[in-house]
Each structure stands twice: as C-alpha cells, then as structure tokens.
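# Observations on the three-dimensional arrangement
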Amino acid sequence: MKVTDALDGAVSTLVEKPAGVLPAYFVGYGAGTVARTVPLIGLFLAVLLLFAQGRFAALNEALAETDFDALEGATEDPTAADPDALPTEQFDQAIAGLFTPGVLAIVGLSVLIGIAVWILVGAAVHAGQTHTVYAALLGREPVESGVTGALRDTKPFVGLALLEYGLYLLVTLVYGLVVFVAGAVSLADPGIGLLVAVGAALLAPVWLVSLLLIAAVFVFAPQAVVIDRVGTIGAVKRAAGFVRRRPGAFVVYVVIAIGITAAVAGATALLSILGVSNVVSVLTLLFVTPLLHLLKTGIYVEGERVDTRPLLAGEGRAVRTRLREGWSRSMDSLEAFVVSKAGLALTGVSLVLFGVGTLGGYLAVGDVALGTGGIGDPTMVFGPFPLDTFVMIAVNNWLVALGQTFAGLALGIPTAVNLLFNGVVVGLVAGVSVDLLVVAALIVPHGILEVPALAVSGALGLHLGHVGWRRFRREIDDATLAAEIHTAFWVMVGLATVFVLASFVEAFLTPWIAGWVL
C-alpha cells in the first residue's frame, strides 16, 4: 500500500474504531505488571527469609539508637553534628546483614525469571497487537483476531525478540571486546596509544550503523509473521526483502516515526516544566503506539490485499457525538460490573487483599517511627493551586489500575500481588508515622473514592484471571475471551472518571480537610 494511503487508513481506523484497537494496547500495558510480579514475589520471599533469620530485629535496634533529627541537622551542617547521635557501626552492620547470599540468590533468580516472563508476555502482546491492527485495517473483528493471533503466534514473536536482542548484544560485545583489547595494547605500548584511540573512534560509527541495520531488518518482521504466515527466520527474510524492494516506503515510515517520537519528546520536556510529564504516557498508550503499528502494517500490506475506501469514508458522526456515546457506554459498563454478583464478590476480595497488605506493612515496621507527626500547614502540601499534582495523580492512579486489571489475564496472580503490594506501601507509610491522625487526615478524604476504584479494577483483574483460566482449560473460545477483554476496556474507561474525581479531591480538597482536622 502507498504510504499516504496507509497513513490515511491508520488515522481513520484509530479515530473511527478506537474501541476495536485500543483494548490490545490496554492488555499490553498490563504486560509490565505481569513481568514485575515475579521480582515482587522474590522480594517478598527475601523479606520473609530476613525475618526468619532475625535480621530485621538487629536493624530495628540500630534504628532505635539513631537520632534522625540530628542526622538531618548533620546533613544541613556537618560541622554541627553530634557523633553520638549519628548512625553507628551497629547500624552499618545491620544494613550489610540484609544482603545475605540467600537474599541475593532469591532476588537475582526472581529478576532473571522476570526478564524471561517479560520476553514471553511481551511477545504474546506484540503478536496480539499486530493481529488486532491488521484485522482492523481489513474490517474484521479486531479484538477476537488479536486474541487468536496472540495464542497462535507467540512462539515466532519470542524468536524475533531473542534474535533481535541477541544481535544487538553480539555486536555490542564485539565492539566492546575490540575496544578493550585496543586499550590493553595501548597500555602495553604507550607509543601507539594515539593510533588506538583514533581506531576506536572510527569503530564507533561502525558499531552504531550495525545497530541501525539490525533495527531496519526487524522493523517489518512482526508484520511478516502475521500477514505472510511465516516463522521467525522467514519473517526476517521477508522483512529484509521488503526493505530492499521498497526503500522509499521504509524511509518515509522511519521519518514519520522519528517525527512523532521527537514531538513526544518535546511534549515530555514541556509538560515536565509544568509537572505533568506522565500525561505523555497516556498519549503514547492511546495514540502514538497504535498509530505507528497501524501505519507500519498498512505499509507492509500489498495494495490488492486491502480496500481502504470503507475506512477512509468513516462513520460520518461528529467527534463530540462519539465521545458522548463512549463516555455513556463506559459508565454503563462500570455500573453493570460493580453491581453484578461477580463484581461485588471480587471487589470484596480485592479490599481484603489490600487490607491484608496494609496490615502486613504496618506490622512489619514494628516500633520504628521515622516521621515526626508534624507537616506544617496541611493546606499548602501541594502548593496554592496544585493543577500539576491533580493531573499527575489522576494519570498515575489510572495507569496503575490499568496495569493491575489487564495483568489479571495471567490467571489473576499479578492482580492479587499488586493489590497486596499497594496495601503494604500504605501500611509502611502509616507504620513509620508517629501520628496516625495525620495519616488518616491526608488519606481518608480522597481514599473514599480512590480505594474503591482500585478495588474495582482489582476485581476486574481477578475476573479476567478466571476468564483466562477457563480459556486455558478450553472451557471457552477466543470470542468469549475477546468479549470479556472488550468489556474490561469500557469499564476501565469508566473508572478513569472516578480517578479524576478522586485526584481532584486529593489535590484540592484533602489539604483543606486535613488542615481543618489537624
């Protein structure tokens, strides 16, 4: 397909069929949560080991003997420090005692397994996304095609990931080895040091060009797997052949991708000044990544394969109308899930998991209290007009909920771990604070909305875990699983409204309520 037609098709498909394309990218966002689950479990096991060995008891004793007010003063003015109040050798030994061979082995192994899970889940997600956008361009059912494609083509996509990353690593290791040997030679014979330095400098562009060539070969490899129905090696050959056959289309795609990336980088810099850089994460999730995938797939498809006229014609409805209908559907979907029997039961389970994590985090702190209980003027915690805080909290909370929801497809385990972990964080904050009234005043006002919203997203994740388990046992088909993912997509869109309200309360109302209470 011509690049201009592919670009028109990509934009119109994303604008006209967002509910068909975006669920695949919501699922993709959950892949990161799935990958983080294994290291979190490893960290939990390491903490249990340390508790069993009594390592934390020694740390608590050392912390109890440390004057943190004096330590803060020493940081500001080292000359005024009281040596008897600063961390002692006992404190240093207690910290070092946390890094036992057993702990390091557990954490290291969990990280390695997490990387393997990330590659596997990432490959499945990438396969599903490519099938989704291809089906959307063809006018087929995108979500169901994505589910079927993810289950069918995970293996070749794993092969693509391992081959591409392996080539990057190989080229980098060769370059590093050459530079290392050259450096060793120059040390042995300083007379040729300048020559070696010049040679290393000349090799750097070769290394960079090698990386770019590898990237170029793999740009269209995912599309080759999906469209040409070939394996890993066949996809690489087809992709390389496409680049040779249509270098102009490849260059235009790269220019567009670089242009969009540069625009995102510029937006990130600008929004960072305003304190809301995480908005770019949502923009990337909802627009940039799916648009580039649609464009790349459209370019790779030969002209006779796709009739873009229905896509370019659009549905003829105003954007405002579609947004209003979408918001209404999302709120209806949210309400339907919350009041359903499964939704109510699983929301209760989510609250229990969050509560258990909170209690565990609180009890884990023991008698250690690092806070002073004083926070100055609570009304000024976020500044006089905390618009940046409002946006940052809203985006962050929704993305956290999004990750824990769609990670639930992995049999619900990542969702449960995420609920426990978030509860532990809240419990630790409460545990290290002297005055629980301060904690309550700064959490309860917005927590009334935020915690139930997180619990609902957790319930949705556990529900998807049950659905995933049923698909694993072949009790349901791909169409049923796709329908559940589509429903979860609308529920999460509805929850975005709740998180915006909770963040508004946290940024603008909680400080004033806390000021009145305290």
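Our structure is the block above this text.
Reading the values: the criteria
Residues numbered from 1 in each chain as written. Predicted model: local features only at pLDDT ≥ 70, side-chain atom pairs only at ≥ 80, totals over all residues. Heavy atoms only, no water. Salt bridge = Lys/Arg side-chain N within 4 Å of Asp/Glu carboxyl O. Helix = DSSP H or I, 4+ residues; strand = E, 2+ residues; numbered from the N terminus. Buried < 20%, exposed > 50% of the residue type's maximum accessible area, 1.4 Å probe, protein only. Core = buried A, V, L, I, M, F, W, Y, C linked by side-chain atoms within 4.5 Å. Contact = heavy atoms within 4.5 Å. Axes fitted to C-alpha atoms, helices over the stretch in contact; angles between N-to-C directions. Parallel < 35°, antiparallel > 145°, perpendicular 65-115°, else oblique. Left-handed = near helix turned anticlockwise from the far one by under 90°. Nonpolar A, V, L, I, M, F, W, Y, C, P; charged D, E, K, R; others polar. Patch = residues over 30% accessible without salt bridge, like charges linked within 9 Å, V, L, I, M, F, W, Y side chains within 5 Å. Areas by Shrake-Rupley, 256 points an atom, 1.4 Å probe, with all protein chains shown as cover.

## Side note on the pattern of salt bridges
Going through the model one piece at a time under the given rule, you end up with six salt bridges. A salt bridge links Glu16 to Arg322; its shortest N-O distance comes to 3.7 Å. In this pair, Glu16 is assigned in helix H1 (residues 3-16) and Arg322 in helix H14 (residues 319-339), connecting sequence segments 306 residues apart. Overall, the relative accessible area of 18% leaves Glu16 in the buried class. Residue classification places Arg322 among the buried residues on the basis of a relative accessible area of 14%. With its nearest N and O atoms 3.7 Å apart, the salt bridge here joins Arg473 to Glu475. Each of Arg470, Arg473 and Glu475 takes part in salt bridges that share partners, so that together they form one network.

## Remarks on the nonpolar core
With 86 residues, the main nonpolar core has Phe26, Phe220, Ile299, Phe406 and Met492 as its most contacted residues. A total of eleven residues in this core trace back to one element, the largest contributor, which is helix H19 (residues 478-517). With residues up to four places along the chain from it excluded, the contact list for Met492 reads Phe26, Trp398, Ala401, Leu402, Thr405, Phe406, Ser457 and Leu460.

## Thoughts on the packing of helix H15 (residues 341-365) against helix H18 (residues 436-472)
Closest axis-to-axis distance for the H15/H18 pair is 8 Å, and the angle between their directions is 135°. Looking at the two axes, H15 sits oblique to H18. The handedness of the crossing between H15 and H18 comes out as right-handed. Contact with H15, carried on its side by Gly343, Leu346, Thr347, Val349, Ser350, Leu351, Phe354 and Tyr362, involves Leu436, Val451, Ala455, Val456, Gly458, Ala459, Leu462 and His463 of H18 and no other residues of that element. Among the residues making up the contact of H15 with H18, the classes are represented as eleven nonpolar, five polar and no charged.

## With respect to a nonpolar patch on the surface
On the surface, Ile41, Phe44, Leu45, Leu48, Leu411, Ile413, Trp469 and Phe472 cluster together into a nonpolar patch covering about 790 Å² of accessible area. The set of elements that each furnish at least two residues to the nonpolar patch consists of helix H2 (18-52) and H18. Of all the elements, H2 adds the most residues to the nonpolar patch, at four residues. Counting through the fold element by element, Trp469 comes out in helix H18. For Trp469, a relative accessible area of 37% translates into the label partly exposed.

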